[in-house]
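Inside the fold
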Amino acid sequence: MEQRPMQRQATEVEAPTTSVNGASGRTVVEGATGGGGFGGGGGHGGGLTRDMMNLRTFSSLKNPVFRLYFGAMAGWMAAMNTKMVARSLLIYLVSGSATVLGLMALANSIPMLFFSLFGGVLADRVQKKHVLLVGIFFSGVIAVATGLCITLGFLGPEHPGSWWILIVAALAEGTVQGLMLPSRQAMIAEIVPQEQLMNAVALNTFEMNLNRMMMPALGGFFIDAFGFDKIYYVMAAMYLVSAIFMIMTPRTSTISLRGRGAWGEMKDGFTYVRSQPTILAILGITFFIVLLSSPYMSLLPIFTKDILNVGAGGFGTLISVSGIGALVGSIVLASLPNRWRGALLILGSAFLGLALVAFSFSTVWTFSLFMMLFVGLGQTVRMTLGNTLLQYYVDNDYRGRVMSLYMMEFGLTSAGTFVAALCADFIGVQWSVGGLALLLVVICMLTFVFVPRLRNLD
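The following paragraphs examine the structure supplied in this document. (Residues numbered from 1 in each chain as written. Predicted model: local features only at pLDDT ≥ 70, side-chain atom pairs only at ≥ 80, totals over all residues. Heavy atoms only, no water.)

**Remarks on the environment of L93**
In plain terms, the rule: Helix numbers and strand numbers start at the N terminus; a helix is a DSSP run of H or I with at least 4 residues, a strand a run of E with at least 2. Under the scheme applied here, a residue whose accessible area is under 20% of the maximum for its type counts as buried, over 50% as exposed, and between as partly exposed, the area being computed with a 1.4 Å probe on protein chains only.
Locating L93 in the fold gives a position in helix α2 (residues 64-95). Under the relative-accessibility criterion, L93 is labelled partly exposed at 44%. In this structure, the C-alpha to C-alpha distance between L93 and P157, residues 64 residues apart in sequence, is 5.9 Å.

Spelled out as structure tokens, the structure:
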């Protein structure tokens, strides 16, 4: 069984301050060790709340800094999940083209592909809190600008050529996300101790999935009732809530990288990854999983409009049902010990592929809803375990840059979404999405058999 690096074996005991240790660049935050006044036996609180906090499932929420981070991400993820419904539905109503849907995914991902590398350097150089605050601010500005374009009549189904406005917005959003997401991912490991990392990542995924369970359906019904412009203004309010929580979050560590510049640090990050077979294996398998499983989300409006014959509310309901499955997966993963995580990543991804195959060829609404439960479950296994394994095995000095490569994979895979969208116009969306999902199952099974390094990771 492969072991984690020796320098990561010991758990740091941190003092109750928010100062930075000059030798390691690691932040010391109150409550980060899970002991002290927020521990299980401290006698704080009572009744159901205390019992829940004492469960392993919710152990990271004993940390007051993680709770603030958790609140900030709740507002940001609520806006992102709402935008997923609004943007996809609107551009398909305006254009009526699967290719344009794929083009929007590509427009969102190209800047993520490039700027995530700079975002990784930022995550290792400056305060992650400040990077996230700037990103949240610009996300809110983009939401307001898009809403105004709809209100003023520049964007909408009555102007079939106006879809270019959403493409420009997707480019801007991709740039913002590319710069901020590495900081968002890497910040968790600076807030909680290493033995709680999987629990914190799983709870963060739980929060995202709770949003995905509620917000798409609410957003879809809100659109049906009030229109697209109003939902964009609601998104801006969600970003404001996120910013308030992030302002209250203490600063975490900064690793100052001087003398080599951004390009030199990116090159150093690539050199480090090439020298770490375990990290290469994790990045490689997550690349293929996301590449082959992600197209269904961008092409979901075609399933809801042309195959299942449901409207905006039905589209949101499908995503919300997948969120229910993902929510269950997050709770289970948050409760599991730190064992067999490599095998679970591979087998969970194969399960995701099988669920996507079944969903792709379904024409029955109730069966499609049932399959989306398992799609959500498989997605949360892939997201939580891929993220946790990377952060578990990476050295602290390279965390931001390695997570930027993890984020860059999501940009690369939208090229696969674009190809799937092109194929959907020729062979149909069911064969396009279902064929990629079937290939995912094959690759996962081959990986499980022939890549023991990954299969045996704890």
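**Some thoughts on the pattern of salt bridges**
Defined as follows: Salt bridges are identified by distance alone: a Lys or Arg side-chain nitrogen within 4 Å of an Asp or Glu carboxyl oxygen.
In the structure shown here, the tally under the stated rule is four salt bridges. With its nearest N and O atoms 2.5 Å apart, the salt bridge here joins R87 to E173. Highlighted residues: R87 in helix α2 and E173 in helix α5 (residues 163-191), separated in sequence by 86 residues. Exposure class is identical for R87 and E173. Each is buried. Residue E190 pairs with K128 through a salt bridge whose shortest N-O separation is 2.7 Å.

**Some points on the side chain of T388**
Residue placement: T388 occurs in helix α14 (residues 365-393). The buried category is assigned to T388, whose relative accessible area is 0%.

**A few points about unusual backbone geometry**
Even without being a glycine, N309 presents a positive backbone phi close to 60°. Along the chain, N309 turns up in the loop between α11 (300-307) and α12 (312-335). Under the relative-accessibility criterion, N309 is labelled exposed at 60%.

**As for the environment of L218**
Turning to its location among the elements, L218 is positioned in helix α6 (residues 197-226). Spatially, the C-alpha atoms of L218 and V85 are 9.9 Å apart, while their sequence positions differ by 133 residues.

**A few points about helix α7 (residues 228-248)**
Our working rule: Expected helix span is computed as 1.5 Å times (number of residues minus one). Note that the arc is computed from the directions linking the helix axis to the C-beta atoms. Contacts are residue-level and defined by heavy atoms, with any inter-residue pair within 4.5 Å sufficient.
The end-to-end C-alpha distance of α7 is 32 Å, a good match for the 30 Å that 21 residues give at a rise of 1.5 Å each. Three or more residues of α7 are buried, namely F228, D229, I231, Y232, M235, A236, M238, Y239, S242, A243 and M246. Buried positions in α7, seen along its axis, are confined to an arc of 165° and lie on one side of it. Pointing more than 90 degrees away from the buried face of α7 are the exposed residues L240 and I247. Packing partners of the buried residues in α7 comprise α2, α4 (128-151), α5 and α6.

Don't take any of this as a statement about function, it's just geometry.
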